[in-house]
Amino acid sequence: MSDSRRNSCKINGSNNKTPFLIGVSGGTASGKSTVCKRIMEKLGQVNKNQSERQVVCISQDSFYRDLTQAEITKAEKGQFNFDHPDAFNEIYMKETLLDILAGKIVKIPTYDYKNHTLRKDEIITIYPADVVLFEGILVFYFPEVRNLFHMKLFVDTDSDTRLARRVPRDINERGRDLEQVLNQYTNFVKPAFEEFCSPTKKFADVIIPRGADNVVAIDLIVLHIMDIVRGQNRMNGIQVIAQPKRIK
Ligand code: UZR
Ligand code: MG
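These remarks concern the structure in this document.

What counts and what doesn't
Residues numbered from 1 in each chain as written. Chains lettered and ligands numbered in written order. Predicted model: local features only at pLDDT ≥ 70, side-chain atom pairs only at ≥ 80, totals over all residues. Heavy atoms only, no water. 1 Å grid on protein atoms, 1.4 Å probe; cavity = no way out; pocket = protein on both sides within 12 Å on 5 of 7 lines; lining within 4 Å. Points joined across faces, edges and corners; volume = space filled by probe spheres on them. Nonpolar A, V, L, I, M, F, W, Y, C, P; charged D, E, K, R; others polar. Near = heavy atom within 4 Å. Polar contact = N/O pair within 3.5 Å; in protein donor to acceptor, adjacent residues only side chain to side chain. Sits in = over half its atoms within 2 Å of the grid points. Helix = DSSP H or I, 4+ residues; strand = E, 2+ residues; numbered from the N terminus. Pairing = 2+ DSSP bridges. Axes fitted to C-alpha atoms, helices over the stretch in contact; angles between N-to-C directions.

1. Focus: empty space enclosed by the protein
Phase 1: Under the definition given, this model contains one cavity of 30 Å³ or more.
Phase 2: Of the volumes computed, that of the largest cavity is approximately 60 Å³.
Phase 3: As for the largest cavity, its lining consists of Gly27, Thr28, Asp83, Ile137, Leu138, Val189, Ala192, Phe193, Phe196 and Cys197.
Phase 4: For the lining of the largest cavity, a count of residues per class yields seven nonpolar, two polar and one charged.

Here's what the structure looks like:
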């Protein structure tokens, strides 16, 4: 992380917070969302209202670009490559992250996997937060997006494990049938992982083997996040007194 980037992570005098931005990448079904969920749980964030959260999580899926009619037809036959960088709206992604870093309130659509469209009727409002997690298969692919992160995590889960998780998830949660899931995996998901996602592992600051099962790694990351949030509060004039553990 560059010093200028680290220094820019502070709470401005007003309500405008410049959050600490963490990118979380990894192959499909590697456990990115679960790692983010665990981080938020350990920070006691999940039961809080969005506007009072200090830590929020956004998915890169909200930044798929709108498809043309011809592309929707292809997607319905499992012939559209959702794992290719071209499937994303890079500019919208970058501008949203810049707005978040500027402490603005942003509204982002959720993604509907069944219809392969953004749900503009279901909008998530992201309020200024101390820490923002941004997770997705290609969050480190686009240099201008990658350079915005203060910290980069790569969830490194074995590809057999990922496929074994992906199949039931796509069938149960994303309305697919087995043949479609396996065809899509072989034709698009696996080759795109090897070409576009896996090479971005080298940009990570921390690689998390075994994903959400890796409690030690997640605990270390959470401690780091807590340090940052406390540091920011201190800069804002609010002293948070950490109780150092006594070694007996
Ligand atoms: P994660 N995806 C869909 O299945 N349908 C869509 O409409 C949009 C995306 C899949 C995408 C990718 N691939 O592998 C996966 N396909 O979502 C990324 N095919 O999500 O990181 O949670 O696995
Ligand atoms: Mg996910």
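2. Focus on the site of ligand 1
Phase 1: Surveying the vicinity of ligand 1 reveals 16 residues, the closest of which are Thr28, Asp83, Arg166, Arg169 and Gln184.
Phase 2: Arg174 is positioned such that a nitrogen or oxygen atom in its side chain is 3.2 Å from an oxygen atom of ligand 1.
Phase 3: Given that more than half its atoms are within 2 Å of the pocket grid, ligand 1 belongs to the largest pocket.
Phase 4: In terms of residue class, the shell around ligand 1 is made up of seven nonpolar, three polar and six charged.

3. Looking at the layout of surface pockets
Any empty space left between atoms is shown by rolling a water-sized probe over those atoms.
Phase 1: Empty space within the largest pocket amounts to approximately 600 Å³.
Phase 2: Of all the elements, helix α6 (residues 159–172) adds the most residues to the lining of the largest pocket, at four residues.
Phase 3: Considered class by class, the residues forming the lining of the largest pocket number nine nonpolar, eleven polar and 13 charged.

4. Re the sheet that holds strand β1 (residues 20–26)
Phase 1: Taken in spatial order, the five strands make up an open sheet running β2-β5-β1-β6-β7, and their pairing is parallel. This sheet does not close on itself; its edge strands, each paired only once, are β2 (55–59) and β7 (206–209). For this sheet, the mean angle separating the axes of adjacent strands, direction not counted, is 20°.
Phase 2: With five bridges connecting them, β1 and strand β6 (residues 151–156) associate as parallel partners.

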